[in-house]
Each structure stands twice: as structure tokens, then as C-alpha cells.
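Close look at the chain arrangement
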Amino acid sequence: MADDFGDRPVTGKWFEELAVGTVIRHATRRTVTETDNVLFTTMTMNPAPLHLDAEYASHTEFGKPLVNSMFTVALVVGLSVPELTLGTIVAQLGIDAVRFPAPVFPGDTVRVETEVIEARPSKSRPEQGLVVFEHRAHNQRDELVCVARRTGLMHRRPS
């Protein structure tokens with residue numbers, strides 16, 4: 001299937017623009033709400049009281065409910081899309097090395113920066129390349145709350 005980039009938004013970076021060491025500070029930030037946490041946690045069938053039960057969570061070391069970490073990593077990737085992969089990614093191939101150095105709570109505002117860790121042309125797909133991104137998310141207190149590495153198969157710039 002030939003790509004026609006004219007019929008979709010393209011604000012992401014092409015493979016050629018993703019040199020190792022490139023750092024992108026993403027413009028959009030997002031304040032996580034209690035509703036985000038409850039909806040995501042229940043939609044994914046996670047019954048953990050640490051996310052859903054304020055009374056239970058008040059007796060933990062955190063003193064209040066934690067945001068579901070799977071929501072956090074999804075938000076981190078999503079916040080990177082407009083400047084990084086919108087219209088330029090073929091497929092996400094994997095997410096690994098995910099860490100949560102500090103908790104996220106409802107009311108926290110998350111911001112993300114991404115660094116290109118690896119980039120190489122695809123051997124089997126000459127019009128594409130493989131890129132490993134490291135996403136780093138901080139809260140409003142500048143605490144590192146999530147680190148994740150993501151591999152994307154990226155389009156090369158069309159001729």
C-alpha cells in the first residue's frame with residue numbers, strides 16, 4: 001500500500017529528523033484527574049484499592065490514591081505524539097525499560113521530554129527506519145515520575 005501523506009495530519013518527525021541525541025520537549029502538558037484514574041482503572045478491570053479506595057489509600061505510605069501506572073505510561077506516550085510521531089510512524093514495535101521513580105497522584109500535571117536513543121535504517125523496508133525513543137515524564141514539582149523506552153518504525157521523508 002502506497003502512503004499518501006496528503007490526506008492526514010503530519011506534525012511528527014521523519015526518520016531523517018531523528019538523529020541520536022535529539023531531545024524534544026513536548027508542548028502539551030496534562031493534569032491527571034481522579035476521573036481519569038477511576039475510569040482507566042475500572043475499564044482495565046484492575047480492582048486494586050490503592051487506585052480506587054481513598055479510605056484504603058489513606059492508610060498507605062502515600063496517604064491517598066495513586067494514579068494507575070498503566071495510565072501514566074499511556075499518557076506519557078500520548079503527550080509525545082504531536083511533535084514526534086503524528087503521521088510519520090508506521091507502527092509502534094515495543095515499549096520496554098519502563099520505570100516509575102515517583103508516584104503520580106490525581107491533580108499532578110505531567111510534562112514529557114523525549115530523547116532519541118537509537119536510530120537505524122530498516123534493512124527490509126528501505127523507505128523506513130527504526131528509532132528508539134526514551135520518554136521522560138516529570139510532575140509539577142519537577143520529580144521524575146516515568147521513564148519508558150519505545151521503539152517505532154518510522155517513515156522516511158517522502159521524495
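Provided above is the structure to which this section pertains.
Structural notes, computed from the coordinates.

Parameters and conventions
Residues numbered from 1 in each chain as written. Predicted model: local features only at pLDDT ≥ 70, side-chain atom pairs only at ≥ 80, totals over all residues. Heavy atoms only, no water. Core = buried A, V, L, I, M, F, W, Y, C linked by side-chain atoms within 4.5 Å. Buried < 20%, exposed > 50% of the residue type's maximum accessible area, 1.4 Å probe, protein only. Helix = DSSP H or I, 4+ residues; strand = E, 2+ residues; numbered from the N terminus. Contact = heavy atoms within 4.5 Å. Phe/Tyr/Trp six-rings, centres within 6.5 Å; stacked < 30°, edge-to-face > 60°. Lys NZ or Arg CZ within 6 Å of the ring centre and 35° of its normal.

1. Points about the nonpolar core
- In terms of nonpolar packing, the biggest core is built from 16 residues, with Val 32, Val 110 and Ala 137 touching the most fellow members.
- Breaking this core down by element, the ones donating at least two residues are helix 4 (69-84), strand 4 (109-121) and strand 6 (144-155).
- Broken down by element, the residue count for this core peaks at five residues, all from helix 4.
- In this view, Val 32 contacts Val 67, Phe 71, Leu 75, Val 104, Pro 106, Gly 107, Asp 108 and Val 110; residues no more than four positions away in its chain are not counted.
- By size, the runner-up hydrophobic cluster in this structure holds eight residues, among which are Ile 24, Leu 84, Val 131 and Met 154.

2. Remarks on the packing of aromatic side chains
- A full pass over the atoms with the stated rule returns one aromatic pair.
- The interplanar angle of 70° and the centroid separation of 5.6 Å between the aromatic rings of Phe 40 and Phe 71 together place this pair among those described as edge-to-face. Taken as a pair, Phe 40 in helix 1 (residues 34-43) and Phe 71 in helix 4 lie far apart in primary sequence, 31 residues in all.
- You can call Phe 71 buried: its relative accessible area is 12%.
- Its guanidinium or amino end placed over the ring of Phe 105, Lys 64 lies 4.5 Å from that ring's centre, counting from NZ or CZ.

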